[in-house]
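Breakdown of the fold
The lines below spell out each chain.
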Amino acid sequence: MFAVYAARIDHDQPLSGLELGERPAPGARPGWSTVDVRAASLNHHDLWSLRGVGLPEERLPMILGCDAAGVDADGNEVVLHSVIGQSGHGVGPREPRSILTERHQGTFAEQVAVPTWNILPKPRELSFAEAACLPTAWLTAYRMLFTNAGVRPGDSVLVQGAGGGVATAAIVLGRAAGLRIFATSRDEARRARAVELGAVEALEPGARLPQRVDAVIETVGAATWSHSVKSLKPGGTLVISGATSGDRPSHAELTRIFFLELKVVGSTMGTKDELDDLLAFCASTGVRPVIDEVLPMDRAREGFERLASGEQFGKIVLTNA
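This text gives an overview of the structure that appears in the document.

Rules used in this analysis
- Residues numbered from 1 in each chain as written.
- Predicted model: local features only at pLDDT ≥ 70, side-chain atom pairs only at ≥ 80, totals over all residues.
- Heavy atoms only, no water.
- Helix = DSSP H or I, 4+ residues; strand = E, 2+ residues; numbered from the N terminus.
- Axes fitted to C-alpha atoms, helices over the stretch in contact; angles between N-to-C directions.
- Parallel < 35°, antiparallel > 145°, perpendicular 65-115°, else oblique.
- Contact = heavy atoms within 4.5 Å.
- Nonpolar A, V, L, I, M, F, W, Y, C, P; charged D, E, K, R; others polar.
- Core = buried A, V, L, I, M, F, W, Y, C linked by side-chain atoms within 4.5 Å.
- Buried < 20%, exposed > 50% of the residue type's maximum accessible area, 1.4 Å probe, protein only.
- Expected span 1.5 Å × (residues − 1).
- Phe/Tyr/Trp six-rings, centres within 6.5 Å; stacked < 30°, edge-to-face > 60°.
- Lys NZ or Arg CZ within 6 Å of the ring centre and 35° of its normal.
- Left-handed = near helix turned anticlockwise from the far one by under 90°.

Let us look at unusual backbone geometry. With an omega dihedral of -5°, the bond running from Leu60 to Pro61 counts as a cis peptide bond. Note that Pro61 resides in the loop between helix H1 (44-50) and strand S4 (62-63). Non-glycine residue Glu261 carries a positive phi angle of around 55°. Structurally, Glu261 can be placed in the loop between helix H7 (254-259) and strand S16 (263-266). For Met269, which is not glycine, the phi dihedral falls at a positive 50°. With respect to the element layout, Met269 can be found in the loop between S16 and helix H8 (272-285).

As structure tokens, this is what we get:
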């Protein structure tokens with residue numbers, strides 16, 4: 001079958017290890033199901049995989065892609081929960097939790113196999129492309145906001161780095177849930193887009209907010225860390241799920257953290273139940289993922305190049321005819 005896969009690891013030039021071509025179709029495995037992929041979306045996780053983060057060379061070649069929506073063997077339209085081993089279904093009792101492409105072949109292919117437990121019904125209100133955007137970036141944002149930040153309607157939230165998949169999802173989901181959203185971006189056009197999506201105000205990174213906020217959604221890391229901490233109200237919560245600018249901030253702001261009794265919460269992906277809730281939330285409210293571009297699977301390299309450039313706003317989706 002046709003697939004998009006990591007053939008080599010190169011930390012400095014990750015796209016040099018990206019290959020498009022034929023790979024073996026998934027075989028039968030007890031407790032697993034094969035899904036015909038209709039749409040799959042890119043995440044920064046795919047670029048990190050090409051750099052060897054979470055993907056050692058001995059597991060190559062590895063088909064990339066964490067997210068997908070498609071059709072199962074019975075003709076049902078489905079969405080995949082991409083965390084394998086979270087419940088123990090489909091894997092041995094000693095296998096650690098992983099995300100597709102770390103231990104098991106991913107979704108950038110004509111077919112993908114996952115534990116049957118990881119398959120959820122796709123709401124009819126969502127297209128395959130829309131549904132394929134949800135299981136990683138949007139699920140991460142959903143868990144950050146509603147599980148780990150614990151915000152309520154009317155609360156204020158700062159979202160750092162508008163334009164990235166998680167940040168964009170947080171803006172849209174937060175606005176739909178009645179939150180007062182502030183956003184930052186280095187790019188003027190992205191700031192304007194953030195306001196269009198529902199942010200009360202979008203500012204340059206590091207700019208003073210009109211008010212301190214109840215929570216911060218942090219995915220940028222070192223470059224925005226100090227600003228994130230300083231933007232919180234006493235007792236506020238900083239939720240972090242990524243560090244695209246690096247994980248060693250020059251100022252950790254420890255004094256401010258303990259003196260103001262701030263909470264710092266790490267967040268990774270989400271549960272199957274949270275994905276089910278997210279799918280229902282989108283179906284019932286009319287919220288839809290922000291899609292930057294839809295490309296056929298055989299033009300995946302263009303999508304990877306756009307993601308690596310940082311020029312996208314929202315999700316890049318790959319489709320099979």
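As a further point, take the packing of helix H3 (residues 134-148) against H8. The contact between H3 and H8 brings their axes to 10 Å, and the two run at 95°. By the angle between their axes, H3 is roughly perpendicular relative to H8. Contact residues: H3 offers Leu134, Pro135, Trp138, Leu139, Tyr142, Arg143 and Thr147, while H8 offers Glu274, Leu275, Asp277, Leu278, Leu279 and Cys282. Here the contact of H3 with H8 is composed, by residue class, of 9 nonpolar, 1 polar and 3 charged.

Another aspect to go through is the nonpolar core. Among the nonpolar cores identified, the biggest contains 48 residues, and Trp138, Val157, Ile171, Leu173 and Leu278 are the most heavily contacted of them. Residues in contact with Leu278, not counting those within four places in the same chain, are Leu134, Trp138, Leu139, Tyr142 and Leu173. Formed by 33 residues, the second largest nonpolar core is a distinct cluster that contains Leu15, Trp32, Ala40 and Leu80.

This part takes up helix H4 (residues 165-176). Here H4 contains 12 residues, and its C-alpha end-to-end distance of 17 Å stays within 8% of the 16 Å for a straight helix at 1.5 Å per residue. Every buried residue of H4 is listed here: Gly165, Val166, Ala167, Thr168, Ala169, Ala170, Ile171, Val172, Leu173 and Gly174.

Our next topic: the packing of aromatic side chains. Counting across every chain of the model gives 3 aromatic pairs. Summarising the aromatic geometry, the rings of Phe146 and Phe281 are spaced 6.5 Å apart at their centres and angled 50° between planes, so their arrangement reads as tilted. One end of the pair, Phe146, is in helix H3; the other, Phe281, is in helix H8, and 135 residues separate them in sequence. A residue is classified by how much of its surface remains accessible, and Phe146, at 26% relative accessible area, is partly exposed. Following the ring pairs from residue to residue traces out a cluster consisting of Tyr142, Phe146 and Phe281. The ring of Phe128 has Lys122 sitting right over it, with the charged end atom 5.0 Å from the ring centre. Between the NZ or CZ atom of Lys272 and the centre of the ring of Trp117, over which it lies, the distance is 4.5 Å.

Packing of H3 against H4 leaves a shortest axis separation of 8 Å and a crossing angle of 55°. Classified by the angle their axes make, H3 and H4 are oblique. Between H3 and H4 lies a crossing of right-handed hand. For the pair H3 and H4, the contacting residues are Ala137, Trp138, Thr140, Ala141, Tyr142, Met144, Leu145 and Phe146 in the first and Gly165, Val166, Ala169, Ala170, Val172, Leu173 and Gly174 in the second. By residue class, the composition of the contact of H3 with H4 is 12 nonpolar, 3 polar and no charged.

Remember that the coordinates give geometry; whether it matters functionally is a separate question.
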